[in-house]
Amino acid sequence: MQIREILVVGAGSAGLLAALALKRRIPSLKVRVVASSQLGIIRVGESTVPYVPDFIHNYLGIDEHDFYSHVDPVYKLGIRFTWGKRDYFDYSFSRRQWNWKYPDLPKTCGFYAELDHVGIDLPSALMEHGKALPVRGASYADVPAPGKFAAWHLENHRFVAWLARACKAEGIKFIDSEIVAVERSEDGGVSALRLANGAALSADLFVDSSGFRSELLGKALEEPFISFKESLFCDRAVVGGWETEEHEPIFTYTGSDTMNAGWCWRIDHPERVNRGYVFCSDHLDNAAAEEEFIARNPRIDSTFLVKFRSGRHRNCWAHNVVAVGNAAAFVEPLEATAIMSACLQIRWLVDGLIDSRLQPSPSLIRLYNRFYATLWDEIREFIAIHYKVNDRLDNPFWQRCRRETQLGHSAELLDFYRENGPSGIGEVMIPKDSPFGLDGYYAILVGMRAPRDLTYQPTPAEVEKWKAHLGEYRRIATAGLTMQQVRKQLLLPETWRKIRNAA
């Protein structure tokens, strides 16, 4: 089929990112978005990973100053976990944590965790000292550019409003109406959408970004859904937050705290802190979850409940429908994979259309679905490891997690780690294009002190070298910039002129 017209269903972040990418990368396409403004936007904090800024600024070529001036994001350097028996541990995005090896040390960093596990790379040192970025001109040779290790905290309503504005600037038309019926074609695909306003909309390709409703892929096409309930037991979240005071610090990391039947996130924004308790309704009812949530966070001003299921549809591209975002798959938000996964799927779609000259072949569609399935299955297994090894609490929910959580292929890595420790040889067990990498897996296993048969005793010389590396990171972090300082600079046009000129 020749693709000339695309209709995007849904005006949340996934749908608008899809529309924007399709139109910016393939200007000849006619792209429209249909969604009802009556559905509204959930006002919740969004946490991302570094691929998202890369997608928006590098793949889409969006001006950074325009984005920052409208969305006002907070830098996210990683996640701080209060999981396992340590007081806490940090998982950063630098890929220079536990699987990194210094030339002057014989082992990778994971073998030195018991010497000191705090601030073992620059991002985690910045997190430890309440900073967002190192100052320019820092002398340490391994200081990465901010884009290499920073993601964002976004306020969802600001992000969606900016995306809608960017789409309209590209000439994308918006239709504000509810879908009342989906008409099917003889070959099983979708031929048209009937709207509440009486119109009928057709297209060559439909992008289903209707969220958990999955109006086209799930409901109309009845694409089978594969549940992840054997690995991930949580199915609800109670969400709330509070307005911050003028001089409150802005955390440059996502907080993740162990709770009685799940975990609680913290996402900082300039004027508000968003928190949410992800829990398992088999072990805790809604009222009890809200009570525990508020007791842990007494400043919360109001709450609302979100129900979800973790899993994916068997295929996300069926006939002439491609689903992205929650309409295709959803895994609980422990590692902030939702927007990243949408961006990856959108990029595969756009690049596939470009390479096929807007005539996607059956083999391209099969490969697209394989990429999609591989991505979501790995996300499932990575998050499942968190639950499998967390021994911070010993109650029925966490006992069940340690006993019953199914790991799939990552069980082999857990066995390898137990027998060999954080050896870099384990790289061969990780998918080549893993969004987490072996360092991500080891951040969780080392951070939570997952069981190991062997321990390593470093020599006095190694201890001194290890301390020296961490000391240098701390020196740089101490002199770094807070998020308040960085934010002021990012909102100034001259800042971006200097950055562009320096590049």
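Residues numbered from 1 in each chain as written. Predicted model: local features only at pLDDT ≥ 70, side-chain atom pairs only at ≥ 80, totals over all residues. Heavy atoms only, no water.

**A word on the packing of helix 9 (residues 338-355) against helix 10 (residues 362-389)**
The interhelical angle for the contact between helix 9 and helix 10, taken along N-to-C directions, is 165 degrees, at an axis separation of 11 Å. In terms of axis orientation, helix 9 runs roughly antiparallel to helix 10. Note that helix 9 runs across helix 10; the crossing there is right-handed. Where helix 9 approaches helix 10, its residues M340, S341, L344, Q345, W348, L349 and G352 are matched on the opposing element by L364, Y368, F371, Y372, L375, W376 and I379. Counted by class, the contact of helix 9 with helix 10 contains 11 nonpolar, 3 polar and no charged residues. (Axes fitted to C-alpha atoms, helices over the stretch in contact; angles between N-to-C directions. Helix = DSSP H or I, 4+ residues; strand = E, 2+ residues; numbered from the N terminus. Parallel < 35°, antiparallel > 145°, perpendicular 65-115°, else oblique. Left-handed = near helix turned anticlockwise from the far one by under 90°. Contact = heavy atoms within 4.5 Å. Nonpolar A, V, L, I, M, F, W, Y, C, P; charged D, E, K, R; others polar.)

**Description of the nonpolar core**
Ranked by internal contacts, the top residues of the largest apolar core, which has 167 residues, are F55, I56 and Y387. Among residues more than four places away in sequence, those in contact with Y387 are W83, L232, C234, W263, E332, L334, F397, W398, C401, R402 and T405. (Core = buried A, V, L, I, M, F, W, Y, C linked by side-chain atoms within 4.5 Å. Buried < 20%, exposed > 50% of the residue type's maximum accessible area, 1.4 Å probe, protein only.)

**Side note on the sheet that holds strand 7 (residues 151-155)**
Hydrogen bonds between backbone atoms are what pair the strands of a sheet, whose relative direction is either parallel or antiparallel. Spatial strand order, 3-7-4: 3 strands in an open sheet with antiparallel pairing. The open sheet terminates on both sides in strands that have one partner only, identified here as strand 3 (45-47) and strand 4 (74-76). Across this sheet, the average inter-strand angle for adjacent strands is 30 degrees, counted without regard to direction. Sheet topology places strand 4 next to strand 7; 3 bridges connect them, and they run antiparallel. Of the residues in strand 7, the one forming a bridge with Y75 is W152. (Pairing = 2+ DSSP bridges.)

**Looking at the environment of D187**
Residue placement: D187 occurs in the loop between strand 9 (179-184) and strand 10 (190-195). Spatially, the C-alpha atoms of D187 and G119 are 57 Å apart, while their sequence positions differ by 68 residues. Among the polar contacts listed, one links the side chain of D187 to the side chain of S185, at a separation of 2.5 Å. Here the side chain of D187 touches G189 through a polar contact of 3.0 Å, landing on its backbone nitrogen. (Polar contact = N/O pair within 3.5 Å; in protein donor to acceptor, adjacent residues only side chain to side chain.)

**Describing the pairing of strand 14 (residues 236-243)**
Across a regular strand the side chains alternate sides, sitting on one face of the sheet and then on the other. In terms of burial, strand 14 is a largely internal element, 7 of the 8 residues being buried. With 8 bridges joining them, strand 14 and strand 17 (residues 272-279) adopt antiparallel strand pairing. Residue G240 lies in a different strand from strand 17, and its bridge partner there is R275.

**Quick look at unusual backbone geometry**
For D72, which is not glycine, the phi torsion reads 55 degrees and is therefore positive. Unusually for a residue other than glycine, L358 sits at a positive phi of about 65 degrees. Locating L358 in the fold gives a position in the loop between helix 9 and helix 10. Residue L358 is classed as buried on the basis of its relative accessible area of 14%.

**Let's talk about the state of the cysteines**
Under the counting rule described, the total for this entry stands at 0 disulfides. Distance from the sulfur of C167, which forms no disulfide, to the nearest cysteine sulfur (C343) is 13 Å. For C167, a relative accessible area of 0% corresponds to the buried category. Cysteine C264 is unpaired, with the sulfur of C234 as its nearest cysteine sulfur at 12 Å. Among the residues examined, C264 registers a relative accessible area of 0% and is labelled buried. (Disulfide = S-S within 2.5 Å.)

**Considering helix 15 (residues 483-490)**
Residues M483, V486 and L490 constitute the buried set of helix 15. One side of helix 15 carries all its buried residues, which in axial view fall inside an arc of 60 degrees. (Arc of directions from axis to C-beta.)

**Some details on the environment of F397**
By the element assignment, F397 lies in helix 11 (residues 396-404). Along the primary structure F397 and G471 are separated by 74 residues, whereas in three dimensions their C-alpha atoms are 40 Å apart. Contact partners of F397, with chain neighbours within four places excluded, come to F233, C234, N260, A261, G262, C280, H283 and Y387.

**Digging into the packing of aromatic side chains**
Per the stated rule, a full pass over the model turns up 33 aromatic pairs. Look at Y91 and F382: their rings are 6.4 Å apart centre to centre, the planes differ by 70 degrees, and that puts the pair in the edge-to-face class. Of this pair, Y91 sits in strand 6 (residues 89-92) while F382 sits in helix 10, and the two are 291 residues apart along the sequence. The same class applies to Y91 and to F382, which are both buried. Residues F382 and F436 carry aromatic rings whose centres are separated by 4.0 Å and whose planes lie at 20 degrees to one another, so their mutual orientation is stacked. Separated by 54 residues along the polypeptide, F382 in helix 10 and F436 in the loop between helix 12 (410-420) and helix 13 (437-447) bring together distant segments of the chain. You can call F382 buried: its relative accessible area is 0%. Three or more aromatic residues joined by ring pairs make a cluster, and in this case those are F67, Y68, Y75, W152, F159 and W162. The positively charged end of K107 is found above the aromatic ring belonging to F111, 4.6 Å away from the centroid. The ring of F174 carries the charged tip of K168 above its face, separated from the ring centre by 5.2 Å. (Phe/Tyr/Trp six-rings, centres within 6.5 Å; stacked < 30°, edge-to-face > 60°. Lys NZ or Arg CZ within 6 Å of the ring centre and 35° of its normal.)

**Examining the confidence of the model for the protein**
Residues of the protein with pLDDT of at least 70 account for 95%, and the chain-wide mean is 93. Here residues 139-145 is a poorly scored stretch, pLDDT under 50, and it has 14 contacts once near neighbours within four places are set aside; other chains count. (pLDDT = per-residue confidence, 0-100.)

**With respect to the pattern of salt bridges**
The final tally for this structure, using the stated rule, is 28 salt bridges. Between E114 and R86 there is a salt bridge, with its nearest N and O atoms 2.9 Å apart. In this pair, E114 sits in the loop between strand 6 and helix 4 (122-128) while R86 sits in the loop between strand 5 (78-82) and strand 6, placing the two residues 28 residues apart along the sequence. Ionic pairing is found between R347 and D351, a salt bridge with its closest N-O pair at 3.8 Å. (Salt bridge = Lys/Arg side-chain N within 4 Å of Asp/Glu carboxyl O.)

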